[in-house]
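Each chain, letter by letter, is given below.
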There are 2 protein chains.
Amino acid sequence: MALEQNSASAERDTVTRRTLLASALAAAALPSAARAEDAPPATASAASGLNSRRIPARDLPVPKTVSRELQAVIGAPYPLGWDDIPQDATAWKDLAFKSAASVANDIAAIGKHFDLQIEKTAMAGVPVFVITPPEIAPANRDRLLLHIHGGGFVLFPGEAGAGEGMMMAGYGKFRVVSIDYRMAPDFPFPAALEDVTAVWRVLLASYEPSRMAIFGTSAGGALTLSTILRAKAEGLPLPAAIAPGSPCADLTWAGDTVEANAYVDNSLVAHTGWVGAAATLYAGTHDLTNPELSPIFGDFTGFPPAILTSGTRDLLLSDTVRVHRKLRQAHVDARLQVFEGESHAQFLTPFVPETTEAFGEIAHFFDANLSS
Amino acid sequence: MALEQNSASAERDTVTRRTLLASALAAAALPSAARAEDAPPATASAASGLNSRRIPARDLPVPKTVSRELQAVIGAPYPLGWDDIPQDATAWKDLAFKSAASVANDIAAIGKHFDLQIEKTAMAGVPVFVITPPEIAPANRDRLLLHIHGGGFVLFPGEAGAGEGMMMAGYGKFRVVSIDYRMAPDFPFPAALEDVTAVWRVLLASYEPSRMAIFGTSAGGALTLSTILRAKAEGLPLPAAIAPGSPCADLTWAGDTVEANAYVDNSLVAHTGWVGAAATLYAGTHDLTNPELSPIFGDFTGFPPAILTSGTRDLLLSDTVRVHRKLRQAHVDARLQVFEGESHAQFLTPFVPETTEAFGEIAHFFDANLSS
């Protein structure tokens, strides 16, 4: 046994050395000779070994490689109060109310810009917004997109949540149904998922699943994925495509960019802020590795074609690429687009050239995958 | 005129405010009310406004979301001497010699693992390695892949550069020609590009371009792209697909992750190290925005289908996603894969599960796009 342990340990050492050496194969690494074990560590960070790396403080400039409009977004300071965590249900609801008020002008501007018709109604008792552009593309006449908004399972109640769905309707000339699902603190998991699934059942009575897609960002990206997991479990037909944007797919926050992009991202900033607390509020007493809460732990076999969107500064870039890889491992036609310099969900910023590009790609992907 | 300027300035202010507000639309941002201009800045970083953001020092742990083998790679310290910049031609050649020596064991191990036959020969006077796996997949009988190695246009001379080509031959069961192109300091730009183009002309005499692909990583990714630009300019047939891995596509180093992932990447670490100096050595007196040096400034119209590979910690993640976006803007079928936690070119680390996955995707893409 001692021999076996020694052997395993020796093998482990070999693996470690091999992979260090091996990285020199990469175009750019330095000779492994320079990494001999008797050499002193090059920097303080080397001393911390495999456990962590000390990253020095630095000034991160605004890149010149994006549009002028996006530079303004990237250069904005952290949202004031990003780490002021509401301490009770009333305070959470107050934050949700403020979040809705804060985007009211944007919602109005998007509606006006695209000349959208928005009808508030209900499906299976769940409030929804039916969004209709002035012109529906001929191929889209019998197609429908289902939109699930983001906001950490807590923010953007009512029409405030519909902005992404409205932009999709406008850019893609699609009919869109945006769900105003129940949220925490009053309605934690799995209320939101139940609402989305109930609406999906209603839509299936009127539309061919091959002519529908489901999409949403952040919490809405997670709900997009968990809706597919639940539809699979319940034997419901699946949509022809999905577009999870920067999905909040792992509520254990294990993704590498949750650390690497902390304080680099100026949208969420860090998971120690409101967003982590909101996710906890939503999860309640449920196991965070429940795939309906954290879809990264689910089985993606049989998922419809998917297009994922993120940014290089996104706190959830890791969640996005992990979902992409896991979909590919399950042989799903999954595409990834990552926008230069963008923090979490900034590809939704209205009236920025990169947003037009992101929605254009998603609309193109839906068009290629939905029956007409 | 003064009025016009005022008006433009007012419009700019409006844009700035709008996009700040707008980011609240993103799933996760906080209410814009919290960003009112009379509110004090939330953190010291806010004071720096649009110009830069102060990122605090922090400890970056090794993610648990990757294989154990890859954890060892991610947890390795910076390469000792990454910022020791050779001061003359002799020192550069010494570094190149050491780089080759450092990977000799890996090259041997890869050859043995895949039972590869490697023939050293020349095409148009350029030394090449013809790499043949023991079994060529039936569909690949008449196909050929051209490999261009990385190493900052300076490192990995001789067989040391062939490792990536050898892995492609092994994983994909393809015949591969790997080019031992001329390098700086003796042969700066455009010697490497001339060598690659000369070999491409030779191959065109024996193989259908629809049955060939070109691939390479880092400097080899840049050369893959600039070879297509030059082939277009010279009216040569193009390959059926390309696979630029983490291309060093912008020698002006303008990409956002050049800053954001500095000291996060443990392969290149920062462009202030040897890699920046190597690129300068290669460029000589040429304008760094010359598209044959920095292909991001080129016209990608008519490019063949492309698959791009990078990692979330890659210093050149921005170069990769910018190339991906620019290819998509030119309506090229371009795919992106980004691996969790990997620094520059670490998807080439031999005998790590994620490497098998990366090569599997590229081989699959080639198979889908090359005539058989």
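So, how was this worked out
Residues numbered from 1 in each chain as written. Chains lettered and ligands numbered in written order. Predicted model: local features only at pLDDT ≥ 70, side-chain atom pairs only at ≥ 80, totals over all residues. Heavy atoms only, no water. Pairing = 2+ DSSP bridges. Helix = DSSP H or I, 4+ residues; strand = E, 2+ residues; numbered from the N terminus. Axes fitted to C-alpha atoms, helices over the stretch in contact; angles between N-to-C directions. Buried < 20%, exposed > 50% of the residue type's maximum accessible area, 1.4 Å probe, protein only. Right-handed = clockwise from strand over helix to strand, strands pointing away. Left-handed = near helix turned anticlockwise from the far one by under 90°. Contact = heavy atoms within 4.5 Å. Nonpolar A, V, L, I, M, F, W, Y, C, P; charged D, E, K, R; others polar. Salt bridge = Lys/Arg side-chain N within 4 Å of Asp/Glu carboxyl O.

Asker: What is the right way to look at the sheet that holds strand 6 (residues 176-179) of chain A in this model?
Answerer: Backbone hydrogen bonds are what pair the strands of a sheet, in a parallel or an antiparallel way. Residue and element names in this part refer to chain A. Spatial strand order, 3-4-6-5-7-8-9-10: eight strands in an open sheet with mixed pairing. The strands lining the two open edges of the sheet, one partner per strand, are strand 3 (117-123) and strand 10 (334-339). Sheet twist, expressed as the average angle between the axes of neighbouring strands with direction ignored, equals 20°. Here strand 7 (residues 212-217) runs beside strand 8 (residues 241-245); their pairing, made up of five bridges, is parallel.

Asker: Which parts of the structure should I look at to understand the sheet that holds strand 3 (residues 117-123) of chain B?
Answerer: Residues and elements named next belong to chain B. One open sheet holds the eight strands; their spatial order is 3-4-6-5-7-8-9-10, and the pairing between them is mixed. Of all the strands in the sheet, just strand 3 and strand 10 (334-339) have a single pairing partner and so form its edges. The sheet shows a mean angle of 20° between the axes of neighbouring strands, direction not considered. Here strand 5 (residues 144-148) runs beside strand 6 (residues 176-179); their pairing, made up of four bridges, is parallel. Across the sheet, residue His147 finds its bridge partner in strand 6, namely Ser178.

Asker: Sorry if this is basic, but what is going on with the environment of A:Ala169 here?
Answerer: Assignment of secondary structure puts A:Ala169 in helix 5 (residues 163-172). Sequence separation between A:Ala169 and A:Gly158 is 11 residues; the distance between their C-alpha atoms is 18 Å.

Asker: Looking at this structure, how should I read the pairing of strand 2 (residues 58-61) of chain B?
Answerer: For a regular strand, the rule is simple: side chains alternate between the two faces of the sheet. By the alternation rule, side chains of strand 2 of chain B split into B:Arg58 and B:Leu60, which are all buried, and B:Asp59 and B:Pro61, of which none is buried. Bridge analysis of strand 1 (residues 52-55) of chain A against strand 2 of chain B gives four bridges, and the strand direction is antiparallel. For A:Arg53, the partnering residue across the bridge sits in strand 2 of chain B and is B:Leu60.

Asker: I'm lost on the pairing of strand 7 of chain A in this one. Help?
Answerer: All names here are of chain A. Counting buried residues in strand 7 gives six out of six residues, a clear majority hidden from the surface. Neither face of strand 7 is exposed, since Met212, Ile214 and Gly216 on one face and Ala213, Phe215 and Thr217 on the opposite face are all buried. The pairing of strand 5 (residues 144-148) with strand 7 spans five bridges and is classified as parallel. Along strand 7, the bridge assignment pairs Leu145 with Ala213. Between strand 7 and its parallel partner strand 8, the chain crosses via helix 7 (residues 219-234), and the hand of that crossover is right-handed.

Asker: Would you mind showing me how to read the packing of helix 6 (residues 191-204) of chain A against helix 7 of chain A here?
Answerer: In a pair of packed helices, the angle between the axes and the distance between the axes together describe the arrangement. All names here are of chain A. Where helix 6 contacts helix 7, the axes come no closer than 10 Å and their chain directions differ by 65°. Considering how the two elements wind past one another, helix 6 and helix 7 form a crossing that is right-handed. Packed against helix 6, whose contacting residues are Ala192, Leu193, Glu194, Val196, Thr197 and Arg201, the element helix 7 presents Leu223, Ser226, Thr227, Arg230 and Glu234 at the interface. Grouping the constituent residues of the contact of helix 6 with helix 7 by class yields four nonpolar, three polar and four charged.

Asker: How should the pattern of salt bridges be read in this particular structure?
Answerer: Where charged atoms of side chains with opposite charge meet at close range, the side chains can pair. All names here are of chain A. Overall, the coordinates contain 30 salt bridges over all chains when judged by the stated rule. In this structure, Lys93 engages Asp186 in a salt bridge whose closest nitrogen and oxygen atoms are separated by 3.0 Å. In this pair, Lys93 is assigned in helix 4 (residues 89-114) and Asp186 in the loop between strand 6 and helix 6, connecting sequence segments 93 residues apart. Here Glu135 ties to Lys173 by a salt bridge, and the two come within 3.3 Å at their closest N and O atoms. Taken together, the residues span a long stretch of sequence, with Glu135 in the loop between strand 4 (126-132) and strand 5 and Lys173 in the loop between helix 5 and strand 6 at a distance of 38 residues. Judged by its relative accessible area of 44%, Glu135 is partly exposed.

These values are about where atoms sit, not about what they do.
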